Amino acid sequence: MTVVEATPFWVTGAEGFIGHNMVEHLLSFGHRVIGFGRGSSNQNKSKSYTYLSGSMSSEVLKAAIEDYGVPQAIYHFAGGSSVGQSIIEPLSDFESNVVASARLFDTVRCMCPFTPITIASSAAVYGNKTCDPISVKLVTDPFSPYGHHKLMLEQLAKSYVEAYQMRINVLRIFSVYGAGLEKQLLFDLCTRLTKNEPSIVLGGTGEELRDWCHVNDVVRFASLLPLAKQGEFNLYDLGSGNAVSVSKISQKLRTIR
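I will try to describe carefully the structure that is included in this document.

When helices and strands are counted, the chain shows eight helices and 11 strands. Within the chain, the fraction of its 257 residues that count as buried is 43%. Of the contacts made within the chain by residues no fewer than 6 positions apart, 73% connect residues no fewer than 24 positions apart.

One pass over the structure, following the stated rule, counts three salt bridges. For Arg172, the salt bridge is made with Glu154, and the minimal N-O distance between the two is 2.7 Å. With Arg172 in strand E6 (residues 168-173) and Glu154 in helix H5 (residues 145-164), this residue pair connects regions lying 18 residues apart in the sequence. Under the relative-accessibility criterion, Arg172 is labelled buried at 3%. Ionic pairing is found between Asp217 and Arg220, a salt bridge with its closest N-O pair at 2.7 Å.

A cluster of nonpolar residues, Val83, Ile87 and Phe143, forms a patch on the protein surface that exposes about 280 Å² of accessible area. Assignment of secondary structure puts Phe143 in the loop between strand E5 (117-122) and H5. Residue classification places Phe143 among the exposed positions, given a relative accessible area of 51%.

It is worth spelling out the side chain of Asp93 at this point. For Asp93, the location among the structural elements is in helix H4 (residues 90-111). No salt bridge is formed by the buried Asp93; the nearest opposite charge belongs to Lys150, separated by 7.6 Å. For Asp93, the contacting residues outside a window of four places in its chain are Gly80, Ser82, Ser86, Val98, Pro145, Tyr146 and His149.

Looking now at the pairing of strand E3 (residues 49-53). Burial analysis of E3 places four of its five residues in the buried class, which makes it a mostly covered element. Here strand E2 (residues 33-37) pairs with E3 via five bridges, running parallel. Considered in E3, the bridge of Gly37 is made with Ser53.

If you look at the biggest cluster of nonpolar residues, it comprises 27 residues, and the most contacted ones within it are Val11, Ile18, Met22, Tyr75, Phe77 and Ile173. Elements with a minimum of two residues in this core: strand E1 (9-12), helix H1 (17-28), E3, E6 and helix H7 (215-224). By residue number, the principal contributor to this core is H1, which donates six residues. The contact partners of Phe77, leaving out residues within four places of it in the chain, are Val11, Thr12, Gly13, Ile18, Gly19, Met22, Ala120, Ile173 and Ala222. Counting residues in each nonpolar core, the second largest holds 24 residues, with Phe36, Ile74, Ile119 and Met166 among its members.

How each quantity is defined
Residues numbered from 1 in each chain as written. Predicted model: local features only at pLDDT ≥ 70, side-chain atom pairs only at ≥ 80, totals over all residues. Heavy atoms only, no water. Helix = DSSP H or I, 4+ residues; strand = E, 2+ residues; numbered from the N terminus. Buried < 20%, exposed > 50% of the residue type's maximum accessible area, 1.4 Å probe, protein only. Contact = heavy atoms within 4.5 Å. Salt bridge = Lys/Arg side-chain N within 4 Å of Asp/Glu carboxyl O. Patch = residues over 30% accessible without salt bridge, like charges linked within 9 Å, V, L, I, M, F, W, Y side chains within 5 Å. Areas by Shrake-Rupley, 256 points an atom, 1.4 Å probe, with all protein chains shown as cover. Lys, Arg positive; Asp, Glu negative; His and termini not counted. Pairing = 2+ DSSP bridges. Core = buried A, V, L, I, M, F, W, Y, C linked by side-chain atoms within 4.5 Å.

Put into structure tokens, the structure is as follows:
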């Protein structure tokens, strides 16, 4: 008797914060998963999970299709995730957000053009918009290299849909938090509060708005979202819809520590 292995799902950025949680979520439903990442370790020892380390080169991506079959769907969470780091190293951010994505899109175009892809963009494409809630119909106006590169990623994805009838959903993700994220505002605040610093000074005015979204909600939404149909390019904002100022969230954390 021949045993046919289940067609896998792909998760890029599988050792990143959202990517790792996406892998765990898919595995919890019994899916076969192929993860791609830069690290050399495998955070998950499940027999249903294969981790491919190294850069997302065209050769690695093509070999994965040849070895494991055409994926059911691709969740593309690889790429830079820091506005500050993109300012320090803009070229590195461009390569991880735009160039690596171009390799993925072109590999899919050549080998499995109708495989649906869900990609992680960012609310950074809107820039410093103060309206609440923000709509995908709002004019984009990024101010950081990171925001510009995410917008370029979206435009690149749209060009592949229009030219090759590919299937792509774009998630403009707002501020994500959750266990295991050891950076950004909430983690930094909690860390400094536990050290009982007499005063904590933050950059900005404190009136900057953030829409917080738990990582579990992000991966559930991504997995439950209907996959794009052939020739479809869909944009989605992914957040709670309720913005909170940095000042207010800081004061709230201080009172409950």
